[in-house]
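For reference, the chains in residue letters:
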Amino acid sequence: MPTTNSPTRKTTSTGNPEIRHDWSLAEIEALFALPFNDLLFRAQQVHRTHFDANSVQISTLLSIKTGACPEDCKYCPQSGHYTTGLDKEKLLEIEQVVTQAKAARKAGASRFCMGAAWRSPREKDLTVVLEMVRQVKALGLETCMTLGMVDDAQASRLAEAGLDYYNHNLDTSPEYYGEIITTRSYAERLDTLASVRQAGMKVCSGGILGMGEAPRDRAALLQQLSRLDPHPESVPINMLVKVAGTPLEDVADLDPIEFIRAIAVARILMPKSHVRLSAGREQMNESTQALAFLAGANSIFYGDKLLTTGNPQATRDRALFAKLGLHPERRNTCHTEEHAQTAIGSALQQQSNQSRAAALAYDATLA
Ligand code: SAM
Ligand code: DTB
Ligand code: SF4
């Protein structure tokens, strides 16, 4: 058995000793400090207890309102405080959004995430956005939105319209937060997450690594996320995409191994959450991405664009999935046959048949 410096097991409000909301910073830092192989082994054990280790949930992103944001998030190309040369766009028409959602469904996405560069939605925008949710949901896709801060009433209306997930990131540790954003507080972010939860929606919340934070900040961010009870169903871990014109354009690169460690620790702290290998994949090589999946990441953004920056070409992702023997997680709302007809589903069908044959051959040798 590996030496894992396993922290003492504690029970929680859920009664499940593995689902904890009381991880101390020292315990989390001890996980980060494990020998890399031991950390990944432990993350794999947790991952395989709760998930099919070769299944990856696939979301596609669309920016429904781009740029001119009043917030000053130092990483963000959409902030109106910085000159990034971004083309601003007002709120898209509902039909444009539905067309994009159909394309995402055809390509194999199970969830369609819509993002708006707002501090929080205005009433007249919310009315339009609610209709977008209804129409995208009617396509059989899971729906996700990220619109900035929402209060209880706004969250309830989004939930009633059929919104499944709301994304609102904590972004970094409470201690480092003030270095990155001054126009909204950490407490306001937690309030939004509480409103999303009380409305009955699933929570998508994570952060960005590689913003010049200290190792302790990465541990503290994951601690904050693990304190949410229940844990967020979806935890996006973004590697900073450095955009010219933002204050973070020249920040030092984060060592990819440190990034993988954070994914593994997120997997251990939040065993049942989908951990998304989120922004920054275009700048990562295949080996780093493979390590992220090994560390317990089981969700990605698929499609050539994130909100305003690039994401790996879909053909590259299909090739990577085939190379690693990964398959898209089946969406709850679709039949197997329908999913097999999607671009990524059918491209992987042949490869999956081969894997099954290999698995059978392996079983036969055990018999
Ligand atoms: N305006 C809304 C808000 O911030 O609440 C929603 C959209 S915002 C672009 C969604 C998330 O994208 C941010 O919270 C941040 O975590 C992530 N993000 C933005 N710019 C990024 C970048 N350059 N690199 C990595 N992640 C980024
Ligand atoms: C999240 O955590 N990452 C996504 C999504 N939630 C909305 C956004 C990434 C944005 C990367 C920079 C851009 O494309 O503008
Ligand atoms: Fe605006 Fe969201 Fe970008 Fe912050 S992250 S500047 S709130 S779009």
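Residues numbered from 1 in each chain as written. Chains lettered and ligands numbered in written order. Predicted model: local features only at pLDDT ≥ 70, side-chain atom pairs only at ≥ 80, totals over all residues. Heavy atoms only, no water.

Participant: I'd love a proper account of helix H1 (residues 25–32), names of residues and values included.
Facilitator: Each α-helix winds once per 3.6 residues, and so residues spaced three or four apart point in a common direction. By the burial criterion, the buried members of H1 are Leu25, Glu27, Ile28, Leu31 and Phe32. Taken around the axis of H1, the buried residues stretch over an arc of 160 degrees, which confines them to a single face. (Buried < 20%, exposed > 50% of the residue type's maximum accessible area, 1.4 Å probe, protein only. Helix = DSSP H or I, 4+ residues; strand = E, 2+ residues; numbered from the N terminus. Arc of directions from axis to C-beta.)

Participant: Let's hear about the site of ligand 3: which residues, and what values?
Facilitator: Around ligand 3 sit Cys69, Glu71, Cys73, Tyr75, Cys76, Ser79, Ala117, Trp118 and Arg184, and that is every residue in its neighbourhood. Partitioning the shell around ligand 3 into residue classes produces six nonpolar, one polar and two charged. (Near = heavy atom within 4 Å. Nonpolar A, V, L, I, M, F, W, Y, C, P; charged D, E, K, R; others polar.)

Participant: Would you mind going over the site of ligand 2 in detail, with residue names and values included?
Facilitator: Neighbouring residues of ligand 2: 14 residues in total, closest Asn169, Asn238, Leu307, Thr308 and Thr309. Between an oxygen atom of ligand 2 and a side-chain N or O atom of Asn238, the distance comes to 2.8 Å. Note that an oxygen atom of ligand 2 is positioned 3.0 Å from one of the backbone N or O atoms of Leu307. Considering ligand 2 on its own, with 410 Å² of exposed area, one finds that the protein chains cover 88% of that surface. Residue composition of the shell around ligand 2, by class: seven nonpolar, seven polar and no charged. (Polar contact = N/O pair within 3.5 Å; in protein donor to acceptor, adjacent residues only side chain to side chain. Areas by Shrake-Rupley, 256 points an atom, 1.4 Å probe, with all protein chains shown as cover.)

Participant: Describe in detail the side chain of Ser299, supporting the description with residues and values.
Facilitator: In this fold, Ser299 is placed in strand E9 (residues 299–301). Separated by 2.8 Å, the side chains of Ser299 and Gln57 make a polar contact. When near neighbours in sequence (up to four residues on either side) are disregarded, Ser299 contacts Val56, Gln57, His274, Val275, Arg276 and Leu277. (Contact = heavy atoms within 4.5 Å.)

Participant: Report on the environment of Glu188, specifying residues and quantitative values.
Facilitator: On the secondary structure map, Glu188 appears in helix H7 (residues 186–198). Taking relative accessible area as the criterion, Glu188 reaches 27% and is therefore assigned partly exposed. Along the primary structure Glu188 and Leu170 are separated by 18 residues, whereas in three dimensions their C-alpha atoms are 9.9 Å apart. Setting aside residues no more than four positions away along its own chain, Glu188 makes contact with Arg119 and Met149.

Participant: Just give me the short version of the nonpolar core, but keep the residues and values in it.
Facilitator: Ranked by size, the top nonpolar core spans 96 residues in total, and within it Ile64, Tyr75, Met145, Leu158 and Phe259 carry the most contacts. The greatest single-element share of this core, amounting to nine residues, is contributed by helix H9 (residues 256–269). Those residues within four positions of Met145 in sequence are excluded, and the remaining contacts are Ile64, Met114, Val129, Met132, Val133, Leu158, Leu163, Tyr165, Tyr166 and Asn167. Formed by nine residues, the second largest nonpolar core is a distinct cluster that contains Leu61, Cys113, Ala279 and Leu306. (Core = buried A, V, L, I, M, F, W, Y, C linked by side-chain atoms within 4.5 Å.)

Participant: Any chance you could break down the pairing of strand E1 (residues 55–65) for me, citing the residues and the numbers?
Facilitator: Every other side chain in a regular strand lies on the same face of the sheet, so the side chains alternate between the two faces. Taken across its 11 residues, E1 has 11 buried, putting it largely inside the fold. With two bridges connecting them, E1 and strand E10 (residues 327–328) associate as parallel partners. What sits directly across from Ser55, in E10, is His327. With three bridges connecting them, E1 and E9 associate as parallel partners. Bridge pairing links Ile58 to Ile300 in E9. Where E1 and strand E2 (residues 111–116) come together, six bridges link them in parallel fashion. Following the sheet pairing, Leu61 is matched in E2 by Cys113. Taking the sense of rotation as the criterion, the β-α-β connection linking E1, helix H3 (residues 94–107) and E2 turns out right-handed. (Pairing = 2+ DSSP bridges. Right-handed = clockwise from strand over helix to strand, strands pointing away.)

Participant: I'd like to hear about the packing of aromatic side chains, residue by residue, with values.
Facilitator: All told, the structure shown has two aromatic pairs when counted by the stated rule. Relative to Tyr186, the ring of Tyr177 lies with its centre 5.2 Å away and its plane at 85 degrees, an arrangement referred to as edge-to-face. When sorted by exposure, Tyr177 lands in the same class as Tyr186, which is buried. With 6.4 Å between their ring centres and 80 degrees between their planes, Phe293 and Phe321 make a pair best called edge-to-face. Separated by 28 residues along the polypeptide, Phe293 in helix H10 (residues 286–294) and Phe321 in helix H11 (residues 314–324) bring together distant segments of the chain. On the basis of relative accessible area, Phe293 is assigned to the buried category, the value being 6%. (Phe/Tyr/Trp six-rings, centres within 6.5 Å; stacked < 30°, edge-to-face > 60°.)

Participant: Can you break down the UniProt feature "binding site: [2Fe-2S] cluster" (unreviewed entry) in the protein residue by residue, with the values?
Facilitator: UniProt annotation of "binding site: [2Fe-2S] cluster" (unreviewed entry) refers to Cys113, Cys144, Cys204 and Arg276 when read in the numbering used here. These residues run over 164 residues, yet every pair of their C-alpha atoms falls within 13.9 Å of each other. Summarising the element assignment, Cys113 is placed in strand E2. For Cys113, a relative accessible area of 3% corresponds to the buried category. For Cys113, the residues in contact, after removing those within four places along its chain, are Ser59, Thr60, Leu61, Leu62, Cys144 and Phe301. For Cys204, the location among the structural elements is in strand E5 (residues 202–204). Classification of Cys204 by relative accessible area gives buried; the value is 1%. Sequence-distant contacts of Cys204, defined by excluding residues within four places in its chain, comprise Tyr166, Asn167, His168, Asn169, Ser234, Pro236 and Arg276. (UniProt positions renumbered as here; feature names shortened; annotations may be inferred.)

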